[in-house]
Amino acid sequence: MGTTIEQVRQILASHTPKLTTFSPENTRIRAAVAIIGRASRQNDDVEFLYIRRSEFDGDPWSGDIAFPGGRIDGPEELPRHAAERETLEEVGIDLGSAEYLGQIDDVTGSSEAVLVSGFVYRVEGDVEVCANHEVAATRWVGIEKLADPERRTVRHLRWMEHDVDMPALEIFDDGSPVLWGLTYRFTELLMALLDRPIPSGPWRRDGVQ
């Protein structure tokens with residue numbers, strides 16, 4: 001059974017997001033993303049817009065799968081405004097004319113050095129996506145694909161002198177890197193809210209980027 005936009009709307013309307021207090025002494029990066037959904041053209045499900053970031057030297061998220069978004073421009077800019085501004089810059093979608101559905105829980109990186117807020121929107125199916133130089137590719141990814149256990153894998157990392165296996169999903173089908181990290185956490189939170197949780201392990205090791 002699919003998940004409709006109306007169901008997403010109702011669930012988010014009753015959800016109270018867990019927000020993390022910004023701590024200047026701990027948080028080096030404060031950012032916001034837009035989770036943009038639309039009714040699928042292929043079935044009764046919902047699909048969300050993901051981007052693959054362009055590769056730049058010195059960028060820790062270079063080439064990663066992500067939601068449109070970026071850093072908040074100073075303490076005077078609200079996180080939701082930052083998500084909308086960055087989305088317009090990166091993929092040319094004006095969320096000021098989209099339906100705002102709600103906010104999901106904040107996501108933090110290790111030691112809360114990175115704090116990201118996520119805001120969910122609905123757009124009409126024929127919305128035009130115009131990626132700028134920061135975006136190498138875009139895909140609308142359906143909930144059915146995100147919930148597919150065959151797409152589970154792991155990303156093996158060397159972090160703080162330790163080997164770490166991170167859960168990940170293969171979603172672009174074009175040889176792109178896997179979905180992992182903070183964007184995976186946002187996806188996991190959203191799927192749990194929609195009662196379509198990402199299947200738990202054991203995780204496959206093949207196909208790891």
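What counts as what
- Residues numbered from 1 in each chain as written.
- Predicted model: local features only at pLDDT ≥ 70, side-chain atom pairs only at ≥ 80, totals over all residues.
- Heavy atoms only, no water.
- Helix = DSSP H or I, 4+ residues; strand = E, 2+ residues; numbered from the N terminus.
- Rg over C-alpha atoms; globule rule 2.2 N^0.38 Å.
- Buried < 20%, exposed > 50% of the residue type's maximum accessible area, 1.4 Å probe, protein only.
- Contact = heavy atoms within 4.5 Å.
- Expected span 1.5 Å × (residues − 1).
- Polar contact = N/O pair within 3.5 Å; in protein donor to acceptor, adjacent residues only side chain to side chain.
- pLDDT = per-residue confidence, 0-100.
- Pairing = 2+ DSSP bridges.
- Phe/Tyr/Trp six-rings, centres within 6.5 Å; stacked < 30°, edge-to-face > 60°.
- Lys NZ or Arg CZ within 6 Å of the ring centre and 35° of its normal.
- Salt bridge = Lys/Arg side-chain N within 4 Å of Asp/Glu carboxyl O.

Digging into the overall build of the protein
Broken down by element type, the protein carries four helices and nine strands. Its helices and strands in sequence order give the protein the pattern α-β-β-β-β-α-β-β-β-α-β-β-α, from N to C terminus. Relative to the globule expectation of 17 Å for 209 residues, the C-alpha radius of gyration of the protein, 16 Å, shows essentially globular dimensions. Along the longest, intermediate and shortest principal axes, the C-alpha atoms of the protein span 45 × 45 × 35 Å. When the 209 residues of the protein are sorted by exposure, 46% land in the buried category. Contacts spanning at least 24 positions in sequence make up 68% of the contacts within the protein whose residues lie at least 6 apart.

What to know about the environment of histidine 133
Within the secondary structure, histidine 133 is located in the loop between β6 (114-122) and β7 (135-142). With relative accessibility at 59%, the residue histidine 133 sits in the exposed group. In sequence terms histidine 133 and valine 91 are 42 residues apart; their C-alpha atoms lie 9.7 Å from each other.

Section: helix α2 (residues 79-91)
The first and last C-alpha atoms of α2 sit 18 Å apart over 13 residues, in line with the 18 Å expected at 1.5 Å per residue. Burial in α2 covers these residues: Ala82, Ala83, Glu84, Glu86, Thr87, Glu90 and Val91. The positive-phi residue at the C-terminal boundary of α2 is glycine 92, with phi of around 70 degrees.

Section: the environment of glutamate 86
Note that glutamate 86 resides in helix α2. Between the C-alpha atom of glutamate 86 and that of alanine 39, which follows or precedes it by 47 residues, the distance is 23 Å. Other than its neighbours up to four places away in sequence, glutamate 86 contacts Gly69, Gly70 and Arg71. Here the side chain of glutamate 86 touches arginine 85 through a polar contact of 3.1 Å, side chain to side chain.

Some points on the environment of glutamate 76
Summarising the element assignment, glutamate 76 is placed in the loop between β4 (69-71) and α2. The class of glutamate 76 is exposed, set by a relative accessible area of 62%.

A look at the confidence of the model for the protein
For the protein, the mean per-residue pLDDT works out to 89, and 92% of the residues sit at or above 70. When pLDDT is averaged over each element of the protein, α2 comes out on top at 98 and strand β8 (residues 152-159) at the bottom at 80.

Describing the pairing of strand β2 (residues 46-53)
β2 sits mainly inside the fold: eight of its eight residues count as buried. Of the two faces of β2, both are covered, the one formed by Val46, Phe48, Tyr50 and Arg52 as well as the one formed by Glu47, Leu49, Ile51 and Arg53. Hairpin connection of strand β1 (residues 29-39) to β2: six residues between the antiparallel strands. Here β2 pairs with β7 via seven bridges, running antiparallel. Looking across to β7, one finds that arginine 53 is bridged to valine 135.

Focus on the packing of aromatic side chains
According to the stated counting rule, one finds two aromatic pairs in the structure shown. For the cation-ring pair, arginine 38 lies above tryptophan 140, with the distance from its terminal atom to the ring centre recorded as 4.1 Å. Here the guanidinium or amino end of arginine 80 rests over the ring plane of tyrosine 100, the centre of that ring lying 3.6 Å away.

Some thoughts on the pattern of salt bridges
Tallied over the full model, the rule gives 16 salt bridges. Here glutamate 6 and arginine 9 are joined by a salt bridge, their closest N and O atoms 2.2 Å apart. With glutamate 6 and arginine 9 both in helix α1 (residues 5-13), this residue pair falls three residues apart, about one helical turn. For the salt bridge of aspartate 148 with arginine 151, the shortest nitrogen-to-oxygen distance reads 3.9 Å.

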